[in-house]
Amino acid sequence: MSLTLEDLEKIQQQYPDYRMELVKGNIIVMSPSGYESDEVAATMVSQLYNWVKPRKLGRITASSAGFRLPNSDLRASDASFVLAERLRRSPKSFAQLAPDLTVEVKSPSDNLEDIRTKIQEFLSLGTKVGILLNPDEQIVEVYNLGKEVIVLNNGDVLTVPELLPGWEVPVADLWPVEFD
């Protein structure tokens, strides 16, 4: 049985404390992320927001913002960016488009291949750049449709020139600080 967005909305009314996605007619309940992965996601959101907001380049959202994608799936990224010209006003409900940039952070319960597949699905539906942040290995994978994956390590600098000209973040700055 294939479920619809309307089915998802009804279920979410019954279970408002659960984050859910609709993927190929199936509802996926999202487990809470680990503390470290959420801290990494918060760092990425703040890095993006602090660059985008003063330049009025577009909109930045965190993991609770849903995107109704062209294939009728409803997905959420850990962080996302949509160019201003594509989303002049924030919708009250879900954005009906694929974000220009999607960011996924590996949490302890995540499977890397599942995350990579999710990023590839976003790219196939119109997302321009996908980023996978892996705190376990402290590496960043940057995806562009039809191009080789770029792998960045500590010591490298993350950039997204096609969407955020001039934005630079040292990869080492994305990971949680350790207080000794």
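Please read all numbers here as calculations on a predicted model, not as lab measurements. (Residues numbered from 1 in each chain as written. Predicted model: local features only at pLDDT ≥ 70, side-chain atom pairs only at ≥ 80, totals over all residues. Heavy atoms only, no water.)

> Which residues make up the pairing of strand β8 (residues 129-134), and what values go with them?
With six of six residues buried, β8 is to be regarded as a mostly interior element. The two faces of β8 match: Val129, Ile131 and Leu133 on one face and Gly130, Leu132 and Asn134 on the other face are all buried. Of the pairings in the sheet, the one linking strand β7 (residues 101-105) to β8 comprises five bridges and is parallel in character. Paired with Leu101 across the strands is Val129, a residue of β8. (Buried < 20%, exposed > 50% of the residue type's maximum accessible area, 1.4 Å probe, protein only. Helix = DSSP H or I, 4+ residues; strand = E, 2+ residues; numbered from the N terminus. Pairing = 2+ DSSP bridges.)

> Let's hear about helix α3 (residues 112-124): which residues, and what values?
Residues that lie three or four places apart on an α-helix share one face, since the helix turns once every 3.6 residues. For α3, built from 13 residues, the straight-helix expectation of 18 Å at 1.5 Å per residue is met to within 8% by its first-to-last C-alpha distance of 18 Å. Every buried residue of α3 is accounted for by Ile115, Lys118, Ile119, Phe122 and Leu123. Burial along α3 is one-sided: seen end-on, the buried residues are contained in an arc of 140°. In α3, the exposed positions angled more than 90 degrees off the buried face are occupied by Asp114 and Ser124. (Expected span 1.5 Å × (residues − 1). Arc of directions from axis to C-beta.)

> I'd like a description of unusual backbone geometry, backed by residues and values.
Although it is not a glycine, Lys56 sits at a positive phi angle of roughly 55°. Summarising the element assignment, Lys56 is placed in the loop between α2 (35-55) and β3 (58-62). A residue is classified by how much of its surface remains accessible, and Lys56, at 70% relative accessible area, is exposed. Although it is not a glycine, Ser72 sits at a positive phi angle of roughly 80°. Within the secondary structure layout, Ser72 lies in the loop between β4 (66-68) and β5 (74-76). Judged by relative accessible area, Ser72 falls into the partly exposed class, the value being 43%.

> I'd like a rundown of a negative patch on the surface, residues and numbers included.
Together, Glu36, Asp38, Glu39, Glu178 and Asp180 make up a negatively charged patch on the protein surface. Looking at where Glu39 falls in the secondary structure, it is placed in helix α2. The exposure class of Glu39 is partly exposed, given its relative accessible area of 32%. (Patch = residues over 30% accessible without salt bridge, like charges linked within 9 Å, V, L, I, M, F, W, Y side chains within 5 Å. Areas by Shrake-Rupley, 256 points an atom, 1.4 Å probe, with all protein chains shown as cover. Salt bridge = Lys/Arg side-chain N within 4 Å of Asp/Glu carboxyl O. Lys, Arg positive; Asp, Glu negative; His and termini not counted. Charge placed at Lys NZ, Arg CZ, Asp CG, Glu CD.)

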